[in-house]
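Examining the three-dimensional arrangement
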Amino acid sequence: MASSSAREAALAARATARPDPAGDGRSGAVDATVLLVDGRPLVRECLAKALQAEWPSARIATAGWDGLDDGAAGHRVDVCLVSPDGSGGGAAEPAGLLARVRAAFPGAALVVLSD
């Protein structure tokens, strides 16, 4: 979906609060960097497009479970949206997968999806 340099740029971006000049009900909306982690490319792409449509100011980055260790750690991420069901490991232990995310992005809010 996104090139690795685009993903790194998105991950490195800082979150900032902004007012609601349009008066569209999004007062206090926050620009944030969201990392979607799922082993299924189609699920990642669909979630990323839906999030971007509903939250245009967010910076969306995606990674598979195998790409979590490929340089994503260390970048600022505000929210990690993860799907252990999409780990590709079948019966992979969800607690172990979530521990990997927490270790890579200790300051990020963690949102867990389940199929």
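The structure under discussion appears in the preceding block.
None of the values given here were measured: they were computed from a predicted structure. (Residues numbered from 1 in each chain as written. Predicted model: local features only at pLDDT ≥ 70, side-chain atom pairs only at ≥ 80, totals over all residues. Heavy atoms only, no water.)

Regarding the side chain of D38
Following the sequence through the fold, D38 ends up in the loop between β3 (33-37) and α2 (41-54). You can call D38 buried: its relative accessible area is 2%. (Helix = DSSP H or I, 4+ residues; strand = E, 2+ residues; numbered from the N terminus. Buried < 20%, exposed > 50% of the residue type's maximum accessible area, 1.4 Å probe, protein only.)

What to know about the sheet that holds strand β6 (residues 109-112)
Taken in spatial order, the four strands line up as β4-β3-β5-β6 in an open sheet, and their pairing is parallel. Looking at strand neighbours, the two that pair on one side only are β4 (59-63) and β6, the edges of this open sheet. Strand after strand, the sheet turns through a mean of 20° between neighbouring axes, direction not considered. Relative to the sheet, helix α3 (residues 94-104) contacts β5 (79-82) and β6, its axis offset from that of β6 by approximately 155°. (Pairing = 2+ DSSP bridges. Axes fitted to C-alpha atoms, helices over the stretch in contact; angles between N-to-C directions. Contact = heavy atoms within 4.5 Å.)

Quick word on α3
When we look at burial in α3, the residues that qualify are L97, V101 and A104. In a view along the axis of α3, the buried residues occupy a sector of 70°, so they form one face of it. Summarising the contacts, the buried residues of α3 are in contact with β5 and β6. (Arc of directions from axis to C-beta.)

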